[in-house]
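Now for the letters of each chain:
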Amino acid sequence: MCGIIGYIGDRDASTILVQGLKRLEYRGYDSAGVATFTEGTIPVRRCLGKLENLERLLRDDPIEGKVGIGHTRWATHGRPSEENAHPHRAGKVVVIHNGIIENYLELRAHLGKLGRKFTSETDTEVISHLIEEAVLSGRDIVAATREAIAQLEGSFSIVVMHQDDPETLVAAKSATPIVIGLGEGENFIASDIPAILDHTRRVLFLEDGEMAVVRRDGVTLTTFAGEPVSREPRVVSWDPVTAQKGGYRHFLLKEIHEQPQAIIDTMRGRLLQEEGDVSLDELAGCEWATNAKRITFVACGTAWHACQVGKYFVEQIARIPSDVDYGSEFRYRDPVIEDGTVVVVVSQSGETADTLAAIEAARERGAKVIAICNVVDSSIARRADAVIYTHAGPEISVASTKAFTTQLTVLYLLGLFLARRRGVVDAEAAAPLIADLVNLPSHVEECLRRERAIEKIAKKYGDARGFLYLGRGINYPIALEGALKLKEISYIHAEGYAAGEMKHGPIALITEQVPVVVLLPKDAVYGKSLSNMKEVESRGGRIIAVTDSPSAELEDIAWEIIQVPTTNPCLLPVLLTIPMQLLAYYIAVYRGTDVDQPRNLAKSVTVE
Ligand code: M6R
């Protein structure tokens, strides 16, 4: 997620901007930049990489001024580079932006016809041109910003400067956060509180659809339509570390709670609801993808679990044969790749050594490769023939949460995309599948509302010796993921099993000391899963059932029941995942482990 800072006052702006950006470093970024008002102009300094590079640049080529904006970029549209770094300029207008503009290609084409030239690959640059167009037609910077944002679709928070109005910064928010910091004779704008906490604790949070005109001596809030908004400032008491975590105790919990938004960001611009279709621009012209005879998924860890669910999507929705392998196995087993095989690799970081090596092994054998990645321009993204990005934002906690559910979102989109292109599913049949996806974020919110109940369950079972996780079919990988999450952060041994396999061995483990988490959707094998559970219960096992359909029979045998909303069977894995994450999290907290940095684990495994 990108970082935003703005300053207007009497101190040296570039120092305050860089300081503020440093407080946002934890969010991850690949490039950075600042701009200030200086003697009737707005010089911009930008660079690729770390803030140290920007500081070096500013030492070699300083910019003065008491008003300015700064940005750290996490690439979404366009690779990380100096040209794509913010701020972006169009004539006298300079803009920074967080979020995704869905209709930027359309706007870019329109602006191109007006003779506008673009110098970056970003969606942001269209905003600066739209504002400049409005200024040239006689609007002031506030009205011009209002006119420009009326044309934007997607999520954005922006801050705008205009060369002829050095006493004004304009901020606007839709879906991504903006906070205004109030000082004495100076004011601040930021995407997150840590950026301004060194200077003030009096803040105003913008709501979606609101703008702020920020001057040295005051701040005016309005709606996008220009209606005045009156809001009392709040005083934040957070220390800097709590502020980085958005008030959550751990990054992991913050990231669990970010999932509804991360899923929205990931499907943004990819749903053609009225046409009963999805669009994956990244696969435009890739006939080899739509004509695939087999899809082989390759990944590691949590991403491998996502692939296991992805296999169901491409088989069940698109009817393409599919298999899944670990990166570390695939690369060394001399795989037979038949003509027409497409290899889909999935990776949050895009740097996992085994997955990267698997791409080479696949390509050497003539396969085309699609990467599903969270980090733009990562090594895996660069080596693949096509990349579909998840838009989860930076994942800081070592245990993967929002990356996983956004991977599932992309895999579902891929299944639908292939099914529609191959004529396996028509628009009418696709429409409800797409509607279910649209409802997914609110269903995830509903799962998150079970948090307090799950916390209580965690305390009750947190001393267990081990855990067994059971699931069937498309939910079996979620049992594996639940077990992995628990192992990683609580250090309790946990095993995920296909429920039907339990009687072939793991049943021997069952005692009161080994609780059994059962994923139990109301599907064709509900009855069979209940029978499996009766076997557990009759051996003294304590059952924690996670289901969309509690029943009297279930209540008789389960010690705990966690209910999730009902949705189509392909999307239920996403909902069942949320209680798995929360249970692991609260057990880890109960046991006092280092939740965000569990022992022996690295966020990105770049070695074999
Ligand atoms: O960055 P990647 O998705 O390629 O990483 C793969 C695994 O290393 C990763 O998912 C790991 O299993 C996580 N710690 C899971 O929480």
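Residues numbered from 1 in each chain as written. Predicted model: local features only at pLDDT ≥ 70, side-chain atom pairs only at ≥ 80, totals over all residues. Heavy atoms only, no water.

## Brief notes about the sheet that holds strand 25 (residues 516-519)
Using the following cut-off: When DSSP finds two or more bridges between two strands, those strands count as paired. Runs of E in the DSSP output that reach at least two residues are strands. Runs of H or I that reach at least four are helices, and both are numbered from the N terminus. Lines fitted to C-alpha atoms define the axes, with helix axes restricted to the stretch in contact, and inter-axis angles between N-to-C directions lie between 0 and 180 degrees.
If you walk across this open sheet you meet the five strands as 24-23-25-26-27, and the pairing is parallel. Lying at the two open borders of the sheet, with one neighbouring strand each, are strand 24 (493-498) and strand 27 (560-563). The average undirected angle you get between the axes of adjacent strands in this sheet is 20 degrees. As paired elements, strand 23 (residues 466-471) and strand 24 share six bridges and run parallel to each other. Along strand 24, the bridge assignment pairs Gly471 with Ala498.

## A short note on unusual backbone geometry
Cut-off, in case you're wondering: Here the term buried applies to any residue with accessible area under 20% of the maximum for its type, exposed to any over 50%, and partly exposed to those in between, with areas from a 1.4 Å probe on protein chains only.
Residue Pro87 is reached from His86 by a cis peptide bond, and omega for that bond is 0 degrees. Following the sequence through the fold, Pro87 ends up in the loop between strand 4 (67-73) and strand 5 (88-90). At Asn600, a position not held by glycine, the phi torsion is positive, near 70 degrees. Looking at the element boundaries, Asn600 is found in the segment after helix 20 (572-591). Overall, Asn600 belongs to the exposed group, its relative accessible area being 77%.

## As for the environment of Gly500
Filter applied, for reference: Contacts are residue-level and defined by heavy atoms, with any inter-residue pair within 4.5 Å sufficient.
Relative to the elements of secondary structure, Gly500 occurs in the loop between strand 24 and strand 25. Judged by relative accessible area, Gly500 falls into the partly exposed class, the value being 22%. Taking C-alpha positions, Gly500 is 7.3 Å from Arg472, a pair spaced 28 residues apart along the chain. In contact with Gly500, other than residues within four places in its own chain, are Arg472 and Asn532.

## Digging into the packing of aromatic side chains
To keep things clear, this is the line we draw: Aromatic rings from Phe, Tyr and Trp, taking only the six-membered ring of Trp, are treated as a pair when their centres fall within 6.5 Å; an angle between ring planes under 30 degrees marks them as stacked, one over 60 as edge-to-face, and anything in between as tilted. The criterion for a charge sitting over a ring is simple: Lys NZ or Arg CZ within 6 Å of the ring centre, and within 35 degrees of the ring normal.
All chains considered together, the criterion is met by six aromatic pairs. Where Tyr7 meets Phe188, the ring centres are 5.2 Å apart and the plane angle is 45 degrees; that geometry is what we call tilted. Linking Tyr7 in strand 1 (residues 3-8) with Phe188 in strand 10 (residues 187-190), this pair joins segments that are 181 residues apart in sequence. Of the two residues examined, Tyr7 and Phe188, each falls in the buried class. With 6.2 Å between their ring centres and 35 degrees between their planes, Phe467 and Tyr469 make a pair best called tilted. Exposure remark for Phe467: the relative accessible area of 2% places this residue in the buried category. A relative accessible area of 1% means that Tyr469 is categorised as buried. The ring of Phe118 has Arg108 sitting right over it, with the charged end atom 4.4 Å from the ring centre.

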